[in-house]
Amino acid sequence: MRSRPVITLRVPRVVHAGDTFDVGISLDCAAATPIDFVRVTLEFTLAVQSNTDEDRNFSGSRDLLALSVDVAGKGRLGAGIHRYRVSFTLPGDVPPSHAGAIASLCCKVGALVSIPWWIDAAESKEILVRPSIAEAPRDEPFTGASGPESGAFLEVSLPGRTFAPGEILAGAVAFRGLAGSRPIALDVALVSVERHRARDRSSQRRRLSFIQDLTTIAEGQEVPFHIALPRGLAPSFSFGDVSLEYVLEMALKHMEGRLLHRVPVFVDMFEPRAGLEGQRPRIGADRWRALWSRVGQRIDLSLAERELALRGVCAGCAVEVVPAERESWGGLGATVRFAEPWGLRLDVRPRALLELGGVATGDSGFDRRFRVRGREEAQVLAALTPALRRALSAFGRAEVDDAEARVWSAAGALDEPELAAFLAPVDALARALAEAGAALPPPAAMAAWLPAWRRFAEERDGVLRVGSMRLSGTFEGAGFEVETLFKGAAPTGARLALRLDPPIAGAGRPRRAAEQRIAGAILEQAARLGGVAGAEEGVAVAPGEIAVVMAGPLADPAAAREVLRPMLALAREMRGERRGGPYR
């Protein structure tokens with residue numbers, strides 16, 4: 001009488017690549033049974049699932065490892081229990097077990113009792129294979145940010161990017177650039193990504209998640225997160241065409257949309273570590289401000305007290321650098337304000353598609369990028385020196401007018417090398433503007449008069465803006481200004497104004513007789529210089545100034561002293577001051 005023996009397998013639940021492990025086999029025979037052999041096998045199989053017709057060429061399974069040992073040969077098993085022991089060694093490069101939607105990697109131990117002319121007895125058990133235990137990696141702290149294409153971005157800080165099952169994945173997120181859109185919630189998830197490269201297929205599964213309400217969180221504020229990794233979390237691996245990868249996915253929902261940032265991370269087998277959170281870099285406003293302060297000091301720019309901005313003076317120009325968050329531009333922006341306005345009616349802007357016209361500088365690359373206009377071509381060409389054209393061309397976008405230059409770059413606002421690389425051409429731009437401003441020529445029609453204007457400016461402790469032939473100074477303790485007026489490129493008149501400090505209250509009331517006599521004297525002196533434009537207006541009196549508009553430009557502004565004297569007398573009369581003099 002023969003019987004099929006009952007097989008009992010004793011195998012470890014988990015083994016590691018490179019391990020040698022024992023397999024115990026117990027055969028319980030109810031009666032003596034002839035056998036051909038008793039064989040113990042170790043098989044590691046890759047199986048690929050087929051979900052579509054086109055996948056069938058890739059479906060099926062293949063053995064990655066097949067080992068066998070015969071523990072008994074042809075003979076007879078007597079009634080009772082028979083025990084055997086076998087050792088197997090896993091190769092060190094064997095992949096871990098994996099049960100995925102696309103493929104599976106399975107390791108099994110089996111026992112087979114071959115019975116002649118009878119149904120064989122067989123039993124198998126699956127063993128979970130894990131990579132060999134390694135030392136904890138020397139992982140570098142990590143910071144990263146989503147792309148700033150829309151001006152808004154997420155920044156993340158991690159103690160490293162390699163974690164062990166059983167550890168706490170601790171990090172923090174900060175955000176900026178929502179342009180007034182209110183933040184709602186942060187969702188941080190560990191996502192596993194299974195890939196089969198030969199079929200160009202992938203499958204994602206959301207493993208673990210952390211959700212934080214953001215309605216009370218301000219831009220630049222750190223938002224910490226913690227995700228506990230289970231002890232049984234499968235490690236990352238890549239074997240042949242199959243891989244298992246992990247991505248930390250951070251999604252910030254706000255009133256007008258969603259920001260998404262993904263960081264690849266790795267799961268490896270080593271003993272869990274404690275205290276990882278304290279090893280991550282600080283992010284958010286404190287880090288941004290420290291970075292900007294450090295880089296700004298290189299060109300003597302100081303960090304603003306309450307905002308992320310650098311301000312200071314370079315080559316006499318006031319410079320401000322800020323993150324560019326206007327419209328759809330990201331990156332960095334800078335404004336360079338001239339020490340004195342140029343007065344050229346200068347307008348330099350990016351040239352629109354198919355836009356023609358403007359002043360040609362002779363620099364083909366510059367002229368293709370920029371459209372240039374101004375009151376007088378010769379002055380414009382003199383202002384746009386080769387150094388200034390090179391400085392403007394260094395930026396992704398640039399605009400210049402009589403008061404300031406505004407430039408932008410796609411450089412990362414929170415990347416130290418990129419910020420430093422942006423500030424260097426900003427400094428060069430300020431120096432080029434200062435040099436160009438100091439060498440501006442006067443309007444061609446007034447070039448011969450420049451020496452006389454310079455002499456009067458020095459005599460009156462004044463400032464002369466050569467580009468617009470505008471002079472300000474002091475006369476008998478009062479401030480005054482002579483402004484040349486233009487029609488097109490031609491100078492057509494001059495405005496002479498006496499500043500009233502303090503302003504005169506009630507300046508718009510009807511003039512008394514004495515005031516009318518002095519106003520007549522002002523007009524009489526102005527007539528000797530060529531007359532007054534708009535005679536019906538005559539002398540214009542406002543709380544802060546007394547002004548007349550001359551009918552022609554002044555060849556020598558020193559002649560204006562004869563008009564300023566009765567202006568001073570009119571100011572004293574309106575204040576009620578009584579002094580002797582020709583205009584009393």
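Computed from a predicted structure; not experimentally measured.

Chemist: Which parts of the structure should I look at to understand the overall build of the protein chain?
Modeler: Scanning the protein chain from N- to C-terminus turns up eight helices and 35 strands. Compactness check: the protein chain gives a C-alpha radius of gyration of 43 Å against a globular reference of 25 Å for 584 residues, more than 25% above the reference. Projecting the C-alpha coordinates of the protein chain onto the three principal axes gives extents of approximately 150 × 50 × 40 Å. Per-residue burial over the protein chain gives 46% buried out of 584 residues. For the protein chain, the exposed area adds up to about 28000 Å²; of that, 50% sits on carbon and sulfur atoms.

Chemist: What is the right way to look at unusual backbone geometry in this model?
Modeler: Most of the time, phi is negative for any residue but glycine, and the peptide bond is trans. With an omega dihedral of 5°, the bond running from Asp 501 to Pro 502 counts as a cis peptide bond. With respect to the secondary-structure elements, Pro 502 resides in the loop between β33 (490-499) and α7 (513-528). The phi torsion at Met 469 lies on the positive side, around 45°, for a residue other than glycine. Using a relative accessible area of 0% as the deciding quantity, one classes Met 469 as buried. At Glu 476, a position not held by glycine, the phi torsion is positive, near 50°.

Chemist: How should the sheet that holds strand β8 (residues 80-89) be read in this particular structure?
Modeler: In a beta sheet, neighbouring strands pair by backbone hydrogen bonds and run either parallel or antiparallel. Strand order across the open sheet formed by three strands is β1-β3-β8, with antiparallel pairing between neighbours. Looking along the sheet, the strands with just one partner apiece sit at the ends: β1 (6-10) and β8. If you compare each strand with its neighbour and ignore which way they point, the axes differ by 20° on average. Pairing between β1 and strand β3 (residues 20-29): five bridges, direction antiparallel. Within β3, the residue paired with Val 6 across the bridge is Asp 28.

Chemist: Can you walk me through the sheet that holds strand β34 (residues 540-542) in this structure?
Modeler: An order of β30-β31-β32-β33-β35-β34 is seen for the six strands of this open sheet, with the pairing classed as antiparallel. On the outer flanks of this sheet lie β30 (463-465) and β34, each paired with one strand and no other. Strand-to-strand twist across the sheet, computed as the mean angle between neighbouring axes with direction ignored, equals 20°.

Chemist: Could you clarify how one ought to interpret the pairing of strand β11 (residues 121-130) in this entry?
Modeler: Strand residues, when the strand is regular, have side chains that alternate between the two faces of the sheet. Pairing of strand β2 (residues 14-16) with β11 involves three bridges; the strand directions are parallel. When the sheet's bridge partners are listed, Val 14 is paired in β11 with Leu 128. Judged from the seven bridges that link them, strand β10 (residues 103-114) and β11 form a sheet pairing that is antiparallel. Residue pairing across strands places Leu 112 opposite Ala 122, the latter belonging to β11. The hairpin formed by β10 and β11 contains six residues between the paired strands, and Trp 117 there has a positive phi angle of roughly 55°.

What counts and how
Residues numbered from 1 in each chain as written. Predicted model: local features only at pLDDT ≥ 70, side-chain atom pairs only at ≥ 80, totals over all residues. Heavy atoms only, no water. Helix = DSSP H or I, 4+ residues; strand = E, 2+ residues; numbered from the N terminus. Rg over C-alpha atoms; globule rule 2.2 N^0.38 Å. Buried < 20%, exposed > 50% of the residue type's maximum accessible area, 1.4 Å probe, protein only. Areas by Shrake-Rupley, 256 points an atom, 1.4 Å probe, with all protein chains shown as cover. Pairing = 2+ DSSP bridges. Axes fitted to C-alpha atoms, helices over the stretch in contact; angles between N-to-C directions.

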